[in-house]
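Chain and residue survey
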Amino acid sequence: MLYPDTVESDILVHKPKFVAIVFIVVLALFMTFNLTGTVLGELMRPVIDEPSQSGLYGRFAIAVVISVLFCLNIVAIGFLPIKAQIGIVWFELLLLFLAFFETFNLSLAFIEQKLPFMITQGLLTTLYVSAISIIIASFIAIIGAVAKLSNNGFAFAIASFYTSFFRGLPLLMQIYLIYLGLPQLGYIIDAVPAGIIALSLCYGAYMTEIFRSGIQSIDRGQWEAARSIGFGFGITMRKIILPQALPVIIPPTGNQFISMLKDSSLVSVIGVWELMFLARTLGQKTFNHMEMLISAAMIYWILSIVLELIQSRIEKHYARSKVR
């Protein structure tokens, strides 16, 4: 969040003009949906009579009620402290998502039956592949960043070619090239190592630029001062430059890890038993596709939330020096 504003002003959601604009937008949005055949139509029966025969008037009445309730909701939430606002909005959005999923008539018994296997097999495989890949990608990124910042033409050329190539190809194509291409050269490789190699090389290329920009954000005088007192290249990077660059590097690196966690689903195309593979195969036999896909989506989301919290704690740890 930004620093607290010392200039007092009206709360945005309490300004009549803003509320009026929100009311019009929500009204126009819900006028495009025919909700007369839903629970809302039944609740509005005293006003619109028979919902199925209410026509445009029924749609308009329901849209007006939703718009009024929505505006009252945001105005009321605006009176609360910011942490309470965040919690309530999250809770309301979660309820809306659950209501949306309820429209699929999901078989909860089927989810309960298959979920333990998805967690013990698919989740562990996803975490295993992602964790190893991000570690390898980080080492590649450090080497690539140093090479791109060096005065050695060969090192710079190799690093720049590597980042250009692996950032220029779709990750799915890289997975296929490694899994199907290496055997033609005489190197037989299993699906899991092939997925880890592809993820590591792809994200290592992106993270190379993150590490490079983080290192370059440190003033050149820090490097010159360390070298002037006799520090070698390795100790200068390890003790002086990288510790100061970490606050800049961590946020985008955390985002890359979350992206890798989701992109690990692409290794399912080569038969790795991770979450997406199991979600697709477990639902095929009984045609319970939505149950498995929604379950996998919730697991991915929970994992992302956990990683976001960990990233936030790490960022706060390295931002302590900036707190006044």
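Residues numbered from 1 in each chain as written. Predicted model: local features only at pLDDT ≥ 70, side-chain atom pairs only at ≥ 80, totals over all residues. Heavy atoms only, no water.

1. Observations regarding the packing of aromatic side chains
For any pair of aromatic rings, the description consists of the separation of the ring centres together with the inter-plane angle of the planes. Evaluated as defined, the whole model comprises six aromatic pairs. Aromatic side chains Phe-30 and Phe-33 sit 6.4 Å apart centroid to centroid with 55 degrees between the ring planes, which places their arrangement in the tilted category. A relative accessible area of 45% places Phe-33 in the partly exposed class. Ring pairs connect the aromatic residues Phe-161, Tyr-162, Phe-165 and Phe-166, which therefore count as one cluster. (Phe/Tyr/Trp six-rings, centres within 6.5 Å; stacked < 30°, edge-to-face > 60°. Buried < 20%, exposed > 50% of the residue type's maximum accessible area, 1.4 Å probe, protein only.)

2. Focus on the environment of Val-19
Here Val-19 lies in helix α1 (residues 16-31). Given a relative accessible area of 18%, Val-19 falls into the buried group. Non-local contacts of Val-19, meaning those with residues more than four positions away in its chain, are made with Val-13, Cys-71 and Val-75. (Helix = DSSP H or I, 4+ residues; strand = E, 2+ residues; numbered from the N terminus. Contact = heavy atoms within 4.5 Å.)

3. A short note on a nonpolar patch on the surface
A surface patch of nonpolar side chains, about 780 Å² in accessible area, is lined by Ile-82, Ile-86, Trp-90, Phe-91, Leu-94, Leu-95, Leu-98 and Trp-301. At seven residues, helix α5 (residues 82-102) tops the list of elements feeding residues into the nonpolar patch. Position of Trp-301 relative to the elements: it lies in helix α13 (residues 289-318). We classify Trp-301 as partly exposed; its relative accessible area is 35%. (Patch = residues over 30% accessible without salt bridge, like charges linked within 9 Å, V, L, I, M, F, W, Y side chains within 5 Å. Areas by Shrake-Rupley, 256 points an atom, 1.4 Å probe, with all protein chains shown as cover. Salt bridge = Lys/Arg side-chain N within 4 Å of Asp/Glu carboxyl O.)

4. Details of empty space enclosed by the protein
In the structure shown here, the tally under the stated rule is one cavity of 30 Å³ or more. Together, Phe-30, Phe-33, Leu-35, Thr-36, Gly-58, Arg-59, Ile-62, Ala-63 and Ile-66 line the largest cavity. By residue number, the principal contributor to the lining of the largest cavity is helix α4 (residues 55-77), which donates five residues. For the lining of the largest cavity, the residue count by class is six nonpolar, two polar and one charged. (1 Å grid on protein atoms, 1.4 Å probe; cavity = no way out; pocket = protein on both sides within 12 Å on 5 of 7 lines; lining within 4 Å. Points joined across faces, edges and corners; volume = space filled by probe spheres on them. Nonpolar A, V, L, I, M, F, W, Y, C, P; charged D, E, K, R; others polar.)

5. Notes on the layout of surface pockets
The space that makes up the largest pocket amounts to roughly 1,000 Å³. As for the largest pocket, its lining consists of 28 residues, and the residues nearest its centre are Phe-30, Leu-40, Ile-66, Phe-70 and Leu-96. Broken down by secondary-structure element, the contributors of at least two residues to the lining of the largest pocket are α1, α2 (39-43), α4 and α5. Considering every element that reaches the lining of the largest pocket, the biggest residue donor is α4, with eight residues. When the residues that make up the lining of the largest pocket are grouped by side-chain class, the tally is 22 nonpolar, five polar and one charged.

6. Points about the nonpolar core
With 29 residues, the main nonpolar core has Leu-199, Tyr-203 and Met-207 as its most contacted residues. Elements with a minimum of two residues in this core: α6 (108-149), α8 (171-181), α9 (191-216) and α11 (233-263). No other element matches α9, which puts eleven residues into this core. For Leu-199, the contacting residues outside a window of four places in its chain are Val-129, Ser-133, Leu-171, Gly-204, Met-260, Asp-263, Ser-264 and Val-267. Counting 17 residues, the second largest nonpolar core, distinct from the first, contains Phe-110, Ile-111, Leu-123 and Phe-277. (Core = buried A, V, L, I, M, F, W, Y, C linked by side-chain atoms within 4.5 Å.)

Function-wise, these values are silent; they only describe arrangement.
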